[in-house]
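Listed below, chain by chain, are the residues.
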Amino acid sequence: MELRQLRYFLAVADSRSIVSAAESLYISRQAVSKAVCRLEEELGVELFVRDSGGVFLTPTGVLFYERVRAVVKELDSIADQMRTSTERFRLRIRMAFAAGTLLLLEDNLMRYCSQKENLEISCSEHTQEECTRLLQEHQVDLAVGGAASDNPQFVSEELLRSPIGLLLRNQPDLEDMDIIDISDLSWLAVAVLSDAQLLAFCQRHKLSPQYQGQDLYRLFTLTAAGKCALLLPKCMTPREDPRLRWFPLRQEEDWRLYWTYPQIAEANLLFSSALEELHLHLGPAVE
C-alpha cells in the first residue's frame with residue numbers, strides 16, 4: 001500500500017468519479033483506475049461500487065475512507081512541519097578551547113556562524129585539563145586543544161601543525177640571526193604559555209621558564225618590554241607588532257592543535273554534518 005494509492009482513493013471517493021479524480025490529480029484516468037484496483041486487490045475487499053451514475057463507496061469503503069483520510073491528513077501535517085522546521089530549529093554546538101587557541105580560529109568561526117541561520121556556537125576558554133573534563137562530562141560537544149584524546153569514546157582530529165620557536169624583542173644584535181639553537185638559551189629568560197605540549201617541550205630540553213601563564217596578552221607585553229623571550233608556535237605570533245620577531249628553533253619540533261568530540265557524534269547525521277562543515281571553514285584560518 002502506497003501513499004500515492006491512498007491519495008488516488010480519496011480523490012475518487014470525494015469526486016465520485018474516476019475521470020474527475022484524474023483531472024484534479026493531473027494524471028490519466030487509466031492511472032487512477034489501475035491504482036484503485038491494485039489497492040482493492042491488496043486489501044482483498046471492494047472499496048467502490050461502479051455503475052452508470054458514478055463510483056460510490058461500499059460500506060467497507062466508507063470505513064476505509066475515514067481511516068485513510070485521517071492518516072493522509074496527519075502525514076501532510078508532518079510534511080508541512082518538516083518543511084518549516086528549519087525556520088524554528090537551531091542547532092547548538094558548545095565548544096571549549098584550550099588557552100590561546102580560540103584566537104587562531106575565532107575569525108573564521110564567527111564568519112561561518114554568520115552564514116548559518118540555524119546554527120548557534122557557544123565558545124569558552126579553559127585549561128587543557130578542564131576542556132577534557134568538560135567533554136567527558138558532556139558539558140561541551142567539541143574541545144579544541146593541544147592534546148589528542150586516547151579515550152576510545154572520543155575522536156581526535158589534527159587541525160594544525162606549527163613550528164615551535166622563540167618570540168624576542170627586535171634588537172639590532174639579533175638582526176643577523178635566522179635560527180636559534182636550543183642549547184644557546186641559557187642566557188635568556190624564557191616565558192611559556194601554559195600548554196601541555198609547550199611545557200613538555202621545556203621539560204625535554206631542560207628549560208626552566210621564568211614566566212608562565214594562560215594570558216597571551218601579558219606574555220606578549222613582557223616580551224615586548226624585553227624581560228623575556230616567549231616560547232610559542234609560529235601560528236600564535238602577533239602579526240602587526242614591529243617590536244617583536246619570531247625565530248625558529250633548530251630542533252624543528254611542531255606544536256599540534258587537535259579538536260576532539262564524542263565518537264557517537266559521527267552517528268548523529270545533523271551533528272556530523274555540522275562538524276564536516278566546520279572543519280572545512282576552520283582549515284583556511286590556520287594555514
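Colleague: Looking at this structure, I do not really get the side chain of aspartate 141. What am I missing?
Modeller: Mapped onto the elements, aspartate 141 comes out in the loop between α6 (128–136) and β5 (142–145). Looking at aspartate 141, the relative accessible area reads 16%, which means it is buried. A polar side-chain atom of aspartate 141 sits 2.8 Å from the main-chain amide nitrogen of arginine 94. Apart from the residues lying within four places of it in its own chain, the contact partners of aspartate 141 are Arg92, Ile93, Arg94, Leu135, Thr260, Tyr261, Pro262 and Phe271.

Colleague: Would you mind going over the pattern of salt bridges with me for this structure?
Modeller: Two side chains of opposite charge can pair, provided their charged atoms sit close to one another. On inspection of all chains with the given rule, the structure shows 11 salt bridges. For the salt bridge of arginine 7 with aspartate 76, the shortest nitrogen-to-oxygen distance reads 2.6 Å. Of this pair, arginine 7 sits in helix α1 (residues 3–15) while aspartate 76 sits in helix α4 (residues 59–88), and the two are 69 residues apart along the sequence. Judged by its relative accessible area of 29%, aspartate 76 falls in the partly exposed class. Between glutamate 158 and arginine 161 there is a salt bridge, and its shortest N-O distance comes to 2.7 Å. Residue class for arginine 161 comes out partly exposed when judged on its relative accessible area of 46%. The network of salt bridges with common partners includes Glu130, Arg133 and Glu137.

Colleague: Which parts of the structure should I look at to understand the state of the cysteines?
Modeller: Here, the word disulfide means a covalent bond between the sulfur atoms of two cysteines. Under the definition given, this model contains zero disulfides. Summary of cysteine pairing: cysteine 235 is not part of a disulfide, and the nearest cysteine sulfur, belonging to cysteine 131, is at 16 Å. Residue classification places cysteine 235 among the buried positions, given a relative accessible area of 14%.

Colleague: How should I be thinking about the packing of aromatic side chains in this particular structure?
Modeller: Here a ring pair, both rings aromatic, is described through the centre-centre distance and the interplanar angle of the planes. Evaluated as defined, the whole model comprises four aromatic pairs. Centre to centre, the rings of phenylalanine 9 and phenylalanine 64 are 5.1 Å apart; their planes meet at 65 degrees, and the pair counts as edge-to-face. Here phenylalanine 64 lies in helix α4 and phenylalanine 9 lies in helix α1, a separation of 55 residues in the sequence. The exposure class assigned to phenylalanine 64 is buried, which follows from its relative accessible area of 16%.

Colleague: Just to check I follow, could you spell out the environment of glycine 165 for this structure?
Modeller: Turning to its location among the elements, glycine 165 is positioned in strand β6 (residues 154–169). For glycine 165, a relative accessible area of 0% gives the class buried. Non-local contacts of glycine 165, meaning those with residues more than four positions away in its chain, are made with Leu230, Leu231, Leu232, Trp246, Phe247, Pro248 and Leu249.

Colleague: Which parts of the structure should I look at to understand unusual backbone geometry?
Modeller: Unlike most non-glycine residues, arginine 16 shows phi in positive territory, near 55 degrees. Under the relative-accessibility criterion, arginine 16 is labelled exposed at 52%. Of note, tyrosine 26 is a non-glycine position whose phi angle comes to about 60 degrees, a positive value. Among the secondary structure elements, tyrosine 26 is positioned in the loop between α2 (18–25) and α3 (29–43).

What counts and how
Residues numbered from 1 in each chain as written. Predicted model: local features only at pLDDT ≥ 70, side-chain atom pairs only at ≥ 80, totals over all residues. Heavy atoms only, no water. Helix = DSSP H or I, 4+ residues; strand = E, 2+ residues; numbered from the N terminus. Buried < 20%, exposed > 50% of the residue type's maximum accessible area, 1.4 Å probe, protein only. Polar contact = N/O pair within 3.5 Å; in protein donor to acceptor, adjacent residues only side chain to side chain. Contact = heavy atoms within 4.5 Å. Salt bridge = Lys/Arg side-chain N within 4 Å of Asp/Glu carboxyl O. Disulfide = S-S within 2.5 Å. Phe/Tyr/Trp six-rings, centres within 6.5 Å; stacked < 30°, edge-to-face > 60°.

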